[in-house]
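Coordinate analysis (summary)
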Protein chains: 2
Amino acid sequence: MNLNQIELLQALQENNLNLSNAAKKMNVVQSAVSRQLQLFETELGAPLFERKGKKLVGFSVLGQRVMKEVANINQAKQNIQSIAADFMDGDRGTIHIATTHAQAKYFLPQPIQRFREKYPGVSIYMQQTSPEHLIDQLHRHKADIAICTEKVQEDAELVAKHCYEWHHAVVVPTGHPLCTGEISLQRLTSYPILTYSYGFTGRSNIEIALQKAGLTLDVILSAADSDVIKTYVRSGLGVGLITDMAYDGEVDRDLVIRSLADIIPSSSAKIAYLRSSFLPSYTRHFIEELIIAAESLRNRHAC
Amino acid sequence: MNLNQIELLQALQENNLNLSNAAKKMNVVQSAVSRQLQLFETELGAPLFERKGKKLVGFSVLGQRVMKEVANINQAKQNIQSIAADFMDGDRGTIHIATTHAQAKYFLPQPIQRFREKYPGVSIYMQQTSPEHLIDQLHRHKADIAICTEKVQEDAELVAKHCYEWHHAVVVPTGHPLCTGEISLQRLTSYPILTYSYGFTGRSNIEIALQKAGLTLDVILSAADSDVIKTYVRSGLGVGLITDMAYDGEVDRDLVIRSLADIIPSSSAKIAYLRSSFLPSYTRHFIEELIIAAESLRNRHAC
DNA sequence: TAAGGTTACGGCGATCGTAACGATC
DNA sequence: GATCGTTACGATCGCCGTAACCTTA
C-alpha cells in the first residue's frame, strides 16, 4: 500500500471509475493505473470493485468501506501539506470560496478587498453555484469555505459559523402601487412575482411564510441572480422579491425597496468548511474579516 | 510524501526520536531513516524536529501539528488492512485485550471460552495493567479493546460500552466478628482493611462513600489483585474489601463474604475501544459475548 | 471502430545497504 | 570509545511508458 494508490482510488471515485480519466488526473498513463489497482487488490486479497467484463461498474462492499478510510487519508495528507505551507509562509497561498451570486456580488466585495490589502500574497478563487452543489464542492475539496444561506446546518461534517442575518425585500419601479401603503403577503399575491429559484438564497423562507399564511404567490420568473430579477422588474414584468442587500441606493435609484422584515422570517448567511480540514491562518483571518463585515452590516442596519 | 515516511514518523515518536530504534522497527538500516526524514522535511520546506546538534530532541511546532495528521493516516491505513483481512476471512485473526486482574480472572474466563468455541481461528492476547496504562495501550494500538472500571468515560476518543455492574464486598475468615450482625462503614473502621490500590478496580467508589460518611478506613494493605488480598485475609491480617465477583464459593469456602451493595455505590465495568478504529466482525462478536456474559451474571445475581 | 481495460517488456529512478565519517557524551 | 546521526556510492527493485492485444458498445 502506498499513498499514490490511495490517491488513485480517490481520483477513480471522482471520475466514475473510468481508468483513463483517473490516469490523466494522476498524470500517469492508463496502464499504470490498471496495474496499481491490481496490485492493491491482490495486496488486500479481495476485489475492491464490482466488474462487468473488464469495466469497473462500482465499488464492492469491501471497496465502499475502504473508500471511507481512503478519504480520511487523503484529507490528512492535504492537511499536512497545508500546515507546512502555512508554516513556511503564512502570508502566501490560495483560498477557494464557493458561494452564491447574492453573496459574491453584495456581501463579499468589501471584506475581500480589506483582506487583500492585508494579504496581497493570497489569491482568491471564487466560484458561484447553487447551494447544494456548493456543499458538494467542500466535500470534493474544490472549495475551502462556502458562504451561503441554505442547507449548511444539516451536514455533520461541516462547521457552520453564523455570518449575518438578512431579510427579503420587495423592489418595484418608482410609481408602482406598492410604493405606498402597508406591505402584506396578501397584497403581494395580486402581482406577478419575480424571485429566487428553489433552493437559492432563502427561497425556502419565502415558501414557509406563504404556507403559514395559506397563500400562494404568482411567481412568473425564478432566477438565481438578484440582478436578473431587478432587470426584469425595471422592464415592468412584475414585482421583485430579493435580498435587501441586493438593493444599491446608487445604481437602483429607479427602483423602490420595501422591506419584508416583519413578514418573511429572516435568513441567516453561514460560513461553512469541512470539520476535518486544516485552515491556514490566512483563511481563518479571512473568515474573521467576513464576520467583521457582517457586524458592520448589522450596525449600518441599526442606524 | 509516502506512506513509509508517515509510518516512520510514528515509529520515531514511539521510540523517543531515536533513529536507530525506529529503523529497527521499520526493518531498514538507520541511514535510510536519516535520509527519509531529511527528504520529508525538505519536501515540506520546514523542519519537523527540534535538534540539539544532530540529535533529535523533540517535535517542532510544525511537527506537532503534522503528527496529529500522521496518527490519522496510520489509523486509517490499519483500518484498511483490518477491513480487508476481516473480509477475506472473518474467522481468523487476533484480539488484543487490555484489562485488570479482576476482570481477567473473574469475568473473562467464561466469555472467552465461549468465544473460542465459536472462533477457534482467533488468537486472544491478554495483558494486565493498571487502568491508566490500559487506556494508553488503546491509544498506542497495543490493544484493540480494554475492559475496566475506571477512567474510561472521560476520554472522548474512546467508545465506552457499559458491560456490567458490580459491588464491593467484605471478606473475612469464618468465625470473624463481621460474619454476623449488620455491616456498616462505621463498623468497618474499627478493623484493619485490605483493598485495591488507588486507581484500581473501583477503589475510587470506596473513597467516595467514605468521604460522604466522613469516615476513614485503616487501609493497611493495597493491592491490585483480589487474590493477594484474599491470601492476606486468610492469614488473619485484616478485613478484605474486594469485588463480589472475586469470591469463589468453591475455593473460598474458608472465607465469608458480606455484600456492601447498600453501602458503597456500585461500580460499572466498561468495554472500551478507539472510536476511530475498525473492529473486525469477530471482535464485535467477542464484545457481544462479553455483554451476554454480563447479563447472565446479572441474572445469577437476581436469583 | 472507438473506447476502455489488460498484458508484456525495456528503461529509469527512488530507495536501500554498506561503509566511512563527524559529533557528542 | 560508545552511541547517535550524516554523507557517499553502488546495486536493486519498483514503477512508469510504449505498444500490442483483448473486449464490448
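Going by the structure above, here's the rest.
In what follows, the accompanying structure is described. (Residues numbered from 1 in each chain as written. Chains lettered and ligands numbered in written order. Predicted model: local features only at pLDDT ≥ 70, side-chain atom pairs only at ≥ 80, totals over all residues.)

Turning our attention to the pairing of strand E9 (residues 218-223) of chain A. Residue and element names in this part refer to chain A. Sheet topology note: the strand E8 (residues 192-196)/E9 ladder contains 5 bridges and is parallel. Looking across to E9, one finds that Ile193 is bridged to Val219. Since E8 and E9 lie parallel, the crossover through helix H9 (residues 203-213) that links them has a hand, and here it is right-handed. (Pairing = 2+ DSSP bridges. Helix = DSSP H or I, 4+ residues; strand = E, 2+ residues; numbered from the N terminus. Right-handed = clockwise from strand over helix to strand, strands pointing away.)

This next bit is on the relation of the copies chain A and chain B. Aligned on chain B, chain A shows an RMSD of 0.3 Å; the corresponding rotation is 180 degrees and the shift along the axis is 0.2 Å. What the rotation and shift describe, once combined, is the action of a two-fold rotation axis. For chain A, the minimum C-alpha distance to the rotation axis belongs to Ile73 of chain A and amounts to 2.5 Å. Residue by residue, 100% of the interface of chain A is reproduced at the interface of chain B, so both copies engage with the same surface. (Least-squares fit on C-alpha atoms with pLDDT ≥ 70 in both. Contact = placed C-beta atoms within 7 Å.)

What follows deals with the nonpolar core. Judged by nonpolar contacts, the single largest core of 50 residues is most densely connected at Ala22 and Ile83 of chain A together with Ala22 and Ile83 of chain B. Elements with a minimum of two residues in this core: helix H1 (3-13), helix H2 (19-26), helix H3 (30-44) and helix H4 (61-88) of chain A together with helix H1 (3-13), helix H2 (19-26), helix H3 (30-44) and helix H4 (61-88) of chain B. Excluding residues within four positions of it along the chain, Ile83 of chain A makes contact with Phe278 of chain A together with Leu62, Arg65 and Val66 of chain B. Among the nonpolar cores identified, the runner-up in size contains 49 residues, and Ala146, Ile147, Val239 and Ile287 of chain B belong to it. (Core = buried A, V, L, I, M, F, W, Y, C linked by C-beta atoms within 7 Å. Buried ≥ 20, exposed ≤ 12 C-beta atoms within 10 Å, placed from the backbone.)

Moving on, we come to the protein's contact with DNA strand D. The environment of DNA strand D is formed by 21 residues, the closest being Val28 and Gly53 of chain A together with Leu19, Ser31 and Ser34 of chain B. Sorting the residues of the surface near DNA strand D by element identifies H3 of chain A together with H2, H3 and strand E2 (55-59) of chain B as the ones contributing at least two each. Looking at which element gives the most residues to the surface near DNA strand D, the answer is H3 of chain B, with 5 residues. Partitioning the surface near DNA strand D into residue classes produces 6 nonpolar, 11 polar and 4 charged. (Near = placed C-beta within 6 Å. Nonpolar A, V, L, I, M, F, W, Y, C, P; charged D, E, K, R; others polar.)

All names here are of chain B. Reading across from one edge, E9-E8-E10-E7-E11 is the order of the 5 strands in this open sheet, with mixed pairing throughout. This sheet does not close on itself; its edge strands, each paired only once, are strand E9 (218-223) and strand E11 (255-259). On average, adjacent strands in this sheet sit at an angle of 30 degrees to one another, irrespective of strand direction. With 3 bridges joining them, strand E8 (residues 192-196) and strand E10 (residues 239-243) adopt parallel strand pairing. Its bridge partner lying in E10, Thr195 is registered against Leu241. Lying on the sheet, helix H10 (residues 226-234) is in contact with strand E7 (168-173), E8, E9, E10 and E11; it crosses E10 at an angle near 155 degrees. (Axes fitted to C-alpha atoms, helices over the stretch in contact; angles between N-to-C directions.)

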